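# Fold and contact review
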Amino acid sequence: MPKTPPLRHDIQILRCLAIVLVVLFHCKLDSFKAGYIGVDVFFVISGYLMHQIITKGLQTSTFSFPRFFARRVLRLYPAYCVFLITITAYAGTQLNYFEYDTFFSVLKNAVLQTVNIYLFEHTGYFDVGSGNNYLLHLWSISLEWQFYLIFPLILYFSYRKNVSRLTLLAGLSAGSFLLSLYSFHDAKMAFYLLPFRIWEFLAGAIAAELSTPNYPLSRKKRSLALNVAGYACILVPIASYPSMDTSSFPGLLALPPVLGTALLLVAGSRRPPQRRLGICLSPFVWIGNLSYSVYLYHWPIVVHFGKTDSPSTAAGHTLSVLLATLLLSVASYFLVENVFRRIKRRAVVISGCAVAASCCVLVLGGHWLTVLASRLDEQQRHFQSFAHDTGGLDGKNVLGAPGVAPTYLFFGDSHAQALMKVFDDIGVERNVAGRFFRTNHPLFHCARLLDYKKDPEAHRNDHADIARIIQEFSIKNVIIAARWSWYVNGYLPHETDVKSAGKTEMLCLDNQREIPQGAMFQYGVETTMSALKKLGVENIWIILPVPEQHFDVPSQLASRSAEPLKLVSMEEYKKRHEAVLHVFSNTKDVEFIDMAPALMSLGDGAYFPVLVGDTPLYVDDDHLSYHGTLLLKNAFLPFFQSFR
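Report on the accompanying structure. (Residues numbered from 1 in each chain as written. Predicted model: local features only at pLDDT ≥ 70, side-chain atom pairs only at ≥ 80, totals over all residues. Heavy atoms only, no water.)

### Focus: the pairing of strand S5 (residues 477-481)
The following threshold applies: Exposure is judged per residue with a 1.4 Å probe applied to protein chains only, and the accessible area is read against the type maximum: over 50% gives exposed, under 20% gives buried, and values in between give partly exposed. Note on conventions: DSSP H or I runs of at least 4 residues are helices, E runs of at least 2 residues are strands, and numbering of each starts at the N terminus. We call two strands paired when DSSP finds no fewer than two bridges between them.
Of all five residues in S5, five are buried; the element is thus mostly enclosed. Residue alternation in S5 divides its side chains into two sets, Asn 477, Ile 479 and Ala 481 and Val 478 and Ile 480, and both sets are buried. Taken together, the five bridges between strand S2 (residues 406-412) and S5 define a ladder with parallel strand orientation. Residue pairing in the sheet places Phe 410 in a bridge with Ile 479 of S5. Where S5 and strand S8 (residues 539-543) come together, five bridges link them in parallel fashion. Paired with Ile 479 across the two strands is Trp 541, which belongs to S8.

Below you can see the structure in the form of structure tokens.
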């Protein structure tokens, strides 16, 4: 197996640029709001270097799959395993059981190099709670390892079948890019999964092909033009791209930094790899050398300082993150990376050590989970159990007394679903039946733009199903519940890491126009009421917004944090829902159920409570628990009394 090519200073400078962009982006500096493209730069570099290593081995008949993977393990796994052991020990001493349980789920996937798949299935890079995930950043390392499994097979196939490598790589890259471009029905898939990202790695491989003397692009006289164009493709997006939004990235937005990195790699291919540098560039090469360790340690440090809110100033926070990252990265580089890089052992021995180290990580992680679980008392377990206090009707669509013809339809999003069980209970008591329909699109003729991109037909299909239920059962009474302000104002600040709090865009399905915030909401309410009336509905009820809290209620109560709970006041509630309440106040021929007064009466009258006796009122930060809705049962009775 050929040795890894000598480090090129230009590549190390590129790595320096990439890691600086990523770290400063995670520090939330406004000037680096597009720093996420640093990950794409890393992908291209990886594809370039792996192409060089594998093709040289194939050409000299020294390539071996076991030795290739052993060298990758020897290069990357020592620092990786030391990092996992370090962060697991930290998490075991700093997190409560419920936080650690989530951490351990990600840790198991980190050992298996499937973090990207786990995040795709369970959450998103910028979803609620992601900012507290210490292992969130390992998705890209998992993606690289999956690339290492596939890429040698691609090059081996082209070598054995005498297929043009450039043609094969270009075709695969184009196909993957098109998949990424046209996958807005599931933006998370394009963000996390290799088939939609491999084109970035293959761009680096194509750059390696074009770097050979056979291609005129790599000639020295064109180096300056390629360097200027390459850096422009990376630096211009940094200044012009918006804050990260997985609905629009990677796609076309990833093309400039990927192309720019490829051009820079080609431009530097004809220069001596260890060309003497001026003193002004040497620090950048040094940071490039540290980039792998920096990437491993920087994100948990960002999370740590973000949770402690210390230092209090943004500048102090960033400086603390940078200094702590530098110290741990230097230690990792010199004491782990450099030490193991000099070791030369057989592939079987290296693989065995990697497996043993991975097992140590899992054993340590499982040990801490057991220790933390043993420290829970009955009250903590009781509080946390309310995270699943939904009433158990998920997936059902029949409410109330069995064998009775439905007299009403209840539809809405997850906030409506949280009320299913109490409606079912009331129906049984009053011998009334209804139908339930779960939809993310409670407003007719309009949709949140992000939802529409994920599935353009979902809104129309849902609304057609609602109309079918009304007509099939001759429904005259309809009640709707939703997280109304989410459709106008988006997420609350604590729910997202990007600057999307308080922002959303609605799309008018009638003419495909984007209309911001309140105007589209008002149009949606009006058209929904009109559509229901045309279907023969006589009585329409709307459940007004539930107060949204600033924290996950069961977990916060179970953690017994020394910090006082930050509850929501009536003034804050009205401010959050001002636009929604204004629209509803001007909506005619509709009745409303307002849970806010009843909920406020359960507390001290100043703030909306989250706990009554030993009963948490929420299953998270904004959905009521079933036992919480039972305490508000009387608020829903006017709806049932209206048609009895």
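### Quick notes on the nonpolar core
This is how the line gets drawn: The definition of a nonpolar core used throughout is a set of buried Ala, Val, Leu, Ile, Met, Phe, Trp, Tyr and Cys residues joined through side-chain atoms within 4.5 Å. Working rule for contacts: check all heavy atoms of both residues, and any pair within 4.5 Å makes them a contact.
Core analysis: the largest hydrophobic core is formed by 112 residues, its most contacted members being Leu 84, Leu 138 and Phe 151. Ranked by residue count, the leading element in this core is helix H2 (residues 37-59), at 13 residues. Apart from the residues lying within four places of it in its own chain, the contact partners of Phe 151 are Gly 47, Met 50, His 51, Ile 54, Leu 169, Leu 202 and Ala 205. Ala 481, Leu 557, Leu 617 and Leu 637 belong to the second-largest nonpolar core, a separate cluster that totals 41 residues.

### Thoughts on the pattern of salt bridges
Side-chain pairs of opposite charge can arise where the charged atoms are in close proximity. We count it as follows: What makes a salt bridge here is a side-chain nitrogen of Lys or Arg within 4 Å of a carboxyl oxygen of Asp or Glu, nothing more.
With the rule as written, the count across this model stands at twelve salt bridges. Between Lys 421 and Asp 425 there is a salt bridge; the shortest N-O distance is 3.3 Å. Of this pair, Lys 421 and Asp 425 both sit in helix H17 (residues 420-430), four residues apart, which is roughly one turn of that helix. Judged on exposure class, the residue Lys 421 and its partner Asp 425 are both buried. Note that Glu 472 and Arg 468 form a salt bridge whose closest N and O atoms lie 3.2 Å from each other. Taken together, the residues span about one helical turn, with Glu 472 and Arg 468 both in helix H19 (residues 458-472) at a distance of four residues.

### Here's the deal with unusual backbone geometry
Apart from glycine, the bulk of residues carry a negative phi angle, and the bulk of peptide bonds sit in the trans form. The residue Asn 162 is not glycine, and still its phi comes out positive at about 55°. Secondary-structure assignment places Asn 162 in the loop between helix H6 (139-160) and helix H7 (165-181). Phi is positive for Asp 589, which is not a glycine, with a value near 60°. Here Asp 589 lies in the loop between helix H24 (578-585) and strand S9 (591-593).

### Some points on the pairing of S8
Among the five residues of S8, four are classified as buried, and the element is accordingly described as predominantly covered. With three bridges joining them, S8 and S9 adopt parallel strand pairing. Bridge pairing links Ile 542 to Phe 592 in S9.

### Looking at the packing of helix H1 (residues 9-26) against H2
Worth spelling out the cut-off: Helix axes are fitted only over the stretch in contact, all axes being lines through C-alpha atoms; the angle between N-to-C directions runs from 0 to 180 degrees. Between 65 and 115 degrees an angle is taken as roughly perpendicular, under 35 as roughly parallel, over 145 as roughly antiparallel, and anywhere else as oblique. Note on convention: near helix rotated counterclockwise from far helix by under a right angle means a left-handed crossing. Clockwise means right-handed. Gly falls in the polar group here, along with every residue not listed as nonpolar (Ala, Val, Leu, Ile, Met, Phe, Trp, Tyr, Cys, Pro) or charged (Asp, Glu, Lys, Arg).
It is at 7 Å that the axes of H1 and H2 come closest, and there the two elements cross at 150°. With respect to H2, the element H1 is oriented roughly antiparallel. For H1 against H2, the interelement crossing comes out left-handed. In this structure, H1 contributes Ile 11, Leu 14, Arg 15, Ala 18, Ile 19, Leu 21 and Val 22 to the contact, and H2 contributes Ile 37, Gly 38, Val 39, Val 41, Phe 42, Ile 45, Tyr 48 and Leu 49. In terms of residue class, the contact of H1 with H2 is made up of 13 nonpolar, one polar and one charged.

### Topic: a nonpolar patch on the surface
Threshold: Patch definition: residues above 30% relative accessible area lacking any salt bridge, with like charges linked at up to 9 Å and the nonpolar side chains Val, Leu, Ile, Met, Phe, Trp and Tyr linked at up to 5 Å. Values of accessible area rely on a 1.4 Å probe in the Shrake-Rupley scheme; residue burial ignores everything except the protein chains shown.
Together, Trp 286, Leu 326, Phe 334 and Leu 335 make up a nonpolar patch on the protein surface, roughly 400 Å² of accessible area in all. Element by element, the count of residues in the nonpolar patch is highest for helix H13 (residues 314-341), at three residues. Note that Leu 326 resides in helix H13. What makes Leu 326 partly exposed here is its relative accessible area of 39%.

### Quick word on the packing of aromatic side chains
In plain terms, the rule: The rule is short: rings of Phe, Tyr and Trp, with Trp giving its six-membered ring, pair when the centres are within 6.5 Å, and they are stacked under 30 degrees, edge-to-face over 60, tilted in between. Sitting over a ring, as applied to charges here, requires NZ of Lys or CZ of Arg to be within 6 Å of the ring centre and within 35 degrees of the ring normal.
Taken as a whole and assessed by the stated rule, the structure comprises 42 aromatic pairs. Seen from their ring centres, Phe 177 and Trp 199 are 4.8 Å apart, and the 70° between their planes marks the pair as edge-to-face. Residue Phe 177 is found in helix H7, and its partner Trp 199 is found in helix H9 (residues 194-210); the two are separated by 22 residues along the sequence. Judged by its relative accessible area of 2%, Trp 199 falls in the buried class. A centroid spacing of 5.5 Å and a plane angle of 45° characterise the contact between Phe 584 and Phe 592, whose relative ring orientation is tilted. Accessibility expressed as a relative area gives 2% for Phe 584, which makes it buried. You can call Phe 592 partly exposed: its relative accessible area is 28%. Aromatic rings pair up to connect Phe 43, Tyr 77, Tyr 80, Trp 139, Trp 145, Phe 147, Tyr 148, Phe 151, Phe 191, Tyr 192 and Phe 201 into one cluster. A cation sits over an aromatic face here: Arg 72 above Tyr 148, 5.5 Å from the ring centre. Positioned above the aromatic ring of Phe 473, the side-chain terminus of Arg 435 is 4.6 Å from the ring centre.

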